[in-house]
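# What the coordinates show
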Amino acid sequence: MGLSFSRNPDGTTTGHNTETGFTFTAADAEEVKRRVYEDAGWEYTPPPPPVAPGCHRFALADDSFDAGGFGAERYAGLRTEPPAGCLAEDWGSFALRCERPGATLLDVVAGAVAEIRRDHGLVMNSLGIEKPDEWLGSDRDGHAGQIVAHLLLMAAHRAVRAGYGRADLVRLLDATGIE
């Protein structure tokens with residue numbers, strides 16, 4: 001079974017269920033998604049309300065292969081005392097769902113990662129994004145910013161495992177010419 005959604009030139013969205021042939025078009029993309037999910041017999045969960053101005057919503061996860069599950073002892077402190085604005089969630093692994101104030105998404109993610117490392121001795125290495133290569137956009141504090149933060153955390157985690165250090169990563173970033 002496959003569901004597909006496309007944005008039309010007139011601003012409407014069309015959803016299609018390939019198994020049943022059901023197609024629905026409307027101006028409200030969430031209504032299209034709800035109706036197509038309903039046709040497929042899937043549970044539809046509406047998106048959360050927008051965050052307040054100056055706040056950013058993101059998730060942090062520990063995707064280490066040896067991390068253990070949500071109930072692992074290493075997360076006991078984070079489960080009982082997560083950083084302000086964060087709630088612990090069981091994703092089959094340990095994760096935090098966060099909504100915190102700050103100037104930019106990267107500032108807020110960096111602050112949360114640093115706080116967790118300082119207070120609990122753990123480094124969260126992911127934003128829990130399953131397919132980071134599937135994105136479009138340029139909103140630095142939206143999904144595009146989440147992809148950047150996710151990839152940087154993932155790269156830092158994997159670099160250490162491969163024997164690279166901070167200087168190696170900074171040298172690579174500097175070599176790109178990024179300003």
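Residues numbered from 1 in each chain as written. Predicted model: local features only at pLDDT ≥ 70, side-chain atom pairs only at ≥ 80, totals over all residues. Heavy atoms only, no water.

## As for the overall build of the protein
Secondary structure summary: the protein contains 5 helices and 6 strands in total. Starting at the N terminus and walking to the C terminus, you meet the elements of the protein as β-β-β-α-β-α-β-β-α-α-α. With respect to the principal axes defined by its C-alpha atoms, the protein has extents near 50 × 45 × 35 Å. Out of the 179 residues in the protein, the part that is buried amounts to 31%. Put simply, of all contacts in the protein between residues at least 6 apart along the chain, 45% involve residues at least 24 apart. (Helix = DSSP H or I, 4+ residues; strand = E, 2+ residues; numbered from the N terminus. Buried < 20%, exposed > 50% of the residue type's maximum accessible area, 1.4 Å probe, protein only. Contact = heavy atoms within 4.5 Å.)

## Examining the pattern of salt bridges
Overall, the coordinates contain 9 salt bridges when judged by the stated rule. Note that Arg100 is salt-bridged to Glu115, the shortest N-O span being 3.1 Å. Separated by 15 residues along the polypeptide, Arg100 in strand 6 (residues 94-101) and Glu115 in helix 3 (residues 105-120) bring together distant segments of the chain. Look at Arg100 and you get buried, because its relative accessible area is 13%. By sharing partners, the salt bridges in this structure join Glu31, Arg34, Arg35 and Glu38 into a single network. (Salt bridge = Lys/Arg side-chain N within 4 Å of Asp/Glu carboxyl O.)

## Describing the state of the cysteines
For the structure shown, the criterion picks out 1 disulfide. Two residues, Cys86 and Cys98, share a disulfide whose sulfurs are 2.2 Å apart. Classification of the bridge connecting Cys86 and Cys98 rests on its S-S torsion, roughly 110°, and on that basis the disulfide is right-handed. Highlighted residues: Cys86 in strand 5 (residues 86-90) and Cys98 in strand 6, separated in sequence by 12 residues. (Disulfide = S-S within 2.5 Å.)

## Regarding the side chain of Arg100
Separated by 2.9 Å, the side chain of Arg100 and the backbone oxygen of Ala84 make a polar contact. Of the polar contacts made by the side chain of Arg100, one reaches the side chain of Glu115; its length is 3.1 Å. Residues within four places of Arg100 in sequence aside, it is in contact with Gly54, Cys55, His56, Phe58, Pro83, Ala84, Gly85, Cys86, Val108, Gly111, Ala112 and Glu115. (Polar contact = N/O pair within 3.5 Å; in protein donor to acceptor, adjacent residues only side chain to side chain.)

## What about the packing of aromatic side chains?
One pass over the structure, following the stated rule, counts 6 aromatic pairs. Ring centres of Phe5 and Tyr37 lie 6.4 Å apart, and the angle between their planes is 40°; on these two criteria the pair is classed as tilted. Taken together, the positions of Phe5 in strand 1 (residues 3-7) and Tyr37 in helix 1 (residues 29-40) put the pair 32 residues apart, joining distant regions of the chain. An angle of 15° between the planes, with centres 5.6 Å apart, marks the rings of Phe70 and Phe94 as stacked. On the criterion of sequence distance, the pair formed by Phe70 in the loop between strand 4 (55-61) and helix 2 (76-80) and Phe94 in strand 6 is long-range, its members being 24 residues apart. (Phe/Tyr/Trp six-rings, centres within 6.5 Å; stacked < 30°, edge-to-face > 60°.)

## A word on the sheet that holds strand 4
Taken together, the 3 strands give an open sheet; going across it, the order is 4-6-5, and neighbouring strands pair in antiparallel fashion. Every other strand in the sheet has two partners, leaving strand 4 and strand 5 as the edge strands with one partner each. Going across the sheet, the axis of each strand differs from the next one's by a mean of 20°, ignoring polarity. Across 5 bridges, strand 5 lies against strand 6 in antiparallel orientation. Within the sheet, the bridge partner assigned to Asp90 lies in strand 6 and is Phe94. Set on the sheet, helix 3 makes contact with strand 4 and strand 6; between it and strand 4 the angle comes to about 45°. (Pairing = 2+ DSSP bridges. Axes fitted to C-alpha atoms, helices over the stretch in contact; angles between N-to-C directions.)

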